[in-house]
Amino acid sequence: MDRIASFEVNHLTLMPGLYVSRIDEMDGFYFTTFDLRFTRPNFEPVMDTSVCHTIEHLGATYFRSNHKDITMYFGPMGCRTGFYLILKGNLSSDDIKDYVRNCMRFIVVFEGKIPGQSAIECGNYLDLNLDMAKYYARKYLEILGD
């Protein structure tokens, strides 16, 4: 079995930031997977599942509402140190840095009921934490230089 590319990255030297994880071409279309690394792997505590879940709901809502023509996926990494964002196109981190900043700003100022926060819409709707999601979004904005 082939070793996947993300396992080739040295997670002992990987720092928080915004990275291109991979670029794939399928039938003439390009898709770029971005690594939105919020915490330093194996050095900082990982995010709680409630935080990852909240950022997932808000981030997916933001990207699918504001960049629906190119958004394929936004969701948490299993290791809980960040998120993957898959966009249509052969893109660089610089191409999308403002999109990501605006998403984090959206999370920081968000008030009210989190999109999808009901038993009908979500399989674990009680596992959400907006205050801590805002904390990590502010922290990530600092990492991005905002």
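Data block above holds the structure.
Keep in mind the model is a prediction, meaning the values are calculated, not measured.

Asker: Before we move on, could you go through the overall build of the chain and cite the residues and values that matter?
Answerer: Looking only at helices and strands, the chain features three helices and four strands. Helices (α) and strands (β) of the chain occur, in sequence order from the N terminus, as β-β-α-β-β-α-α. The C-alpha atoms of the chain give 15 Å as radius of gyration, which agrees with the globular expectation for 146 residues (15 Å, within 12%). Taking the principal axes of its C-alpha atoms as reference, the chain extends roughly 40 × 35 × 35 Å. Every one of the 146 residues in the chain was classed for burial, and the buried ones make up 42%. Counted over contacts in the chain with a minimum sequence separation of 6, partners at least 24 positions apart contribute 67%. Taken as a whole, the chain presents about 8200 Å² of accessible surface, with 52% of it coming from carbon and sulfur. Positive and negative side-chain charges of the chain, numbering 15 and 19 respectively, have mean locations separated by a distance of 3 Å.

Asker: Outline the packing of helix α1 (residues 49-66) against helix α2 (residues 93-109), supporting the account with residue identities and numerical values.
Answerer: Each pair of packed helices gets described by two things: the angle between the helix axes and the distance between those axes. The geometry of α1 relative to α2 is characterised by a closest axis approach of 10 Å and an angle of 125 degrees between their N-to-C directions. If you check the angle between α1 and α2, you find them oblique. Viewed along their axes, α1 and α2 form a crossing whose handedness is right-handed. Taking contact as the criterion, the partners of Ile 55, Leu 58, Gly 59, Tyr 62 and Phe 63 in α1 are, on α2, Tyr 99, Val 100, Asn 102, Cys 103, Phe 106 and Ile 107. When grouped by side-chain class, the residues that make up the contact of α1 with α2 number nine nonpolar, two polar and no charged.

Asker: Summarise unusual backbone geometry; cite the residues concerned and give the values.
Answerer: Unlike most non-glycine residues, Asp 27 shows phi in positive territory, near 50 degrees. Tracing the backbone through its elements, the reader meets Asp 27 in the loop between β1 (17-26) and β2 (29-37). What makes Asp 27 exposed here is its relative accessible area of 77%.

Asker: So what about the nonpolar core? Which residues, and what values?
Answerer: What tends to happen in soluble globular proteins is that the nonpolar side chains get buried as a cluster. Core analysis: the biggest nonpolar cluster contains 33 residues, and Leu 36, Phe 38, Ile 55, Leu 85 and Val 100 have the highest contact counts within it. Within the residue set of this core, elements represented by two or more residues are β2, α1, β4 (82-88), α2 and α3 (130-144). Those residues in contact with Leu 36, other than ones at most four positions away along the chain, are Gly 17, Leu 18, Phe 74, Met 77, Thr 81, Gly 82, Phe 83, Leu 85, Val 100 and Tyr 140.

Asker: Lay out the pairing of β1 in plain terms, naming residues and giving numbers.
Answerer: Note that β1 and β2 share nine bridges and pair antiparallel. Directly across from Met 26, in β2, lies its bridge partner Phe 29. Between the end of β1 and the start of β2, which pair antiparallel, lie two residues, with Asp 27 showing a positive phi angle near 50 degrees.

Asker: Describe α2, with residues and values.
Answerer: The terminal C-alpha atoms of α2, which comprises 17 residues, lie 24 Å apart, in line with the 24 Å expected from a rise of 1.5 Å per residue. Of the residues making up α2, those classed as buried are Ser 93, Ile 96, Val 100, Arg 101, Cys 103, Met 104 and Ile 107. Tucked inside the fold, the buried residues of α2 contact β1, β2, α1, β4 and α3.

Asker: How would you summarise the side chain of Ser 93 if you had to cite specific residues and measurements?
Answerer: Tracing the backbone through its elements, the reader meets Ser 93 in helix α2. Of note is the side chain of Ser 93, whose polar atom sits 3.2 Å from the backbone oxygen of Leu 18. Look past the residues within four positions of Ser 93 in its chain and what remains in contact with it is Leu 18, Tyr 19, Val 20 and Phe 34.

Each value, and the rule that gives it
Here the residue numbers are simple positions, counted from 1 along each chain's written sequence. The predicted origin of the model limits local features to residues at a pLDDT of at least 70 and limits the giving and counting of side-chain atom pairs to 80 or more, whereas totals for whole chains, interfaces and linings rest on all residues. Heavy atoms throughout the structure, all of them, feed into the side-chain values; hydrogens and water do not. Helix and strand assignments follow DSSP, with helices taken as H or I runs no shorter than four residues and strands as E runs no shorter than two, numbered in order from the N terminus. We take the radius of gyration over the C-alpha atoms and set the globule estimate at 2.2 Å times the residue count to the 0.38 power. Only protein chains enter the area calculation, which uses a 1.4 Å probe; residues under 20% of their type maximum are buried, those over 50% are exposed, and those in between are partly exposed. Any pair of residues with heavy atoms lying within 4.5 Å of one another is described as a contacting pair. Exposure was quantified through the Shrake-Rupley algorithm and a 1.4 Å probe, taking into account, for residues, occlusion by the shown protein chains and nothing else. Asp and Glu are treated as the negative residues and Lys and Arg as the positive ones, with His and the ends of the chain left uncounted. Note that the charge is assigned to NZ on lysines, CZ on arginines, CG on aspartates and CD on glutamates. Throughout, an axis means a line fitted to C-alpha atoms (over the contacting stretch in the case of helices), and angles, computed between N-to-C directions, take values from 0 to 180 degrees. Should an angle fall under 35 degrees it is called roughly parallel, over 145 degrees roughly antiparallel, and 65 to 115 degrees roughly perpendicular, with every other angle called oblique. Handedness of a crossing follows from how the near helix is turned relative to the far one, being left-handed for an anticlockwise turn of less than a right angle and right-handed for a clockwise one. When residue character is reported, Ala, Val, Leu, Ile, Met, Phe, Trp, Tyr, Cys and Pro are called nonpolar, Asp, Glu, Lys and Arg charged, and the others, Gly included, polar. What we call a nonpolar core is a set of buried Ala, Val, Leu, Ile, Met, Phe, Trp, Tyr and Cys residues that are connected through their side-chain atoms within 4.5 Å. Note on pairing: DSSP must find at least two bridges between two strands before they are called paired. Multiplying one less than the number of residues by 1.5 Å gives the expected span of a helix. Two N or O atoms form a polar contact when they lie within 3.5 Å of each other; inside protein one atom must be a possible hydrogen donor and the other a possible acceptor, and for residues adjacent in sequence the pair counts only when both atoms belong to side chains.

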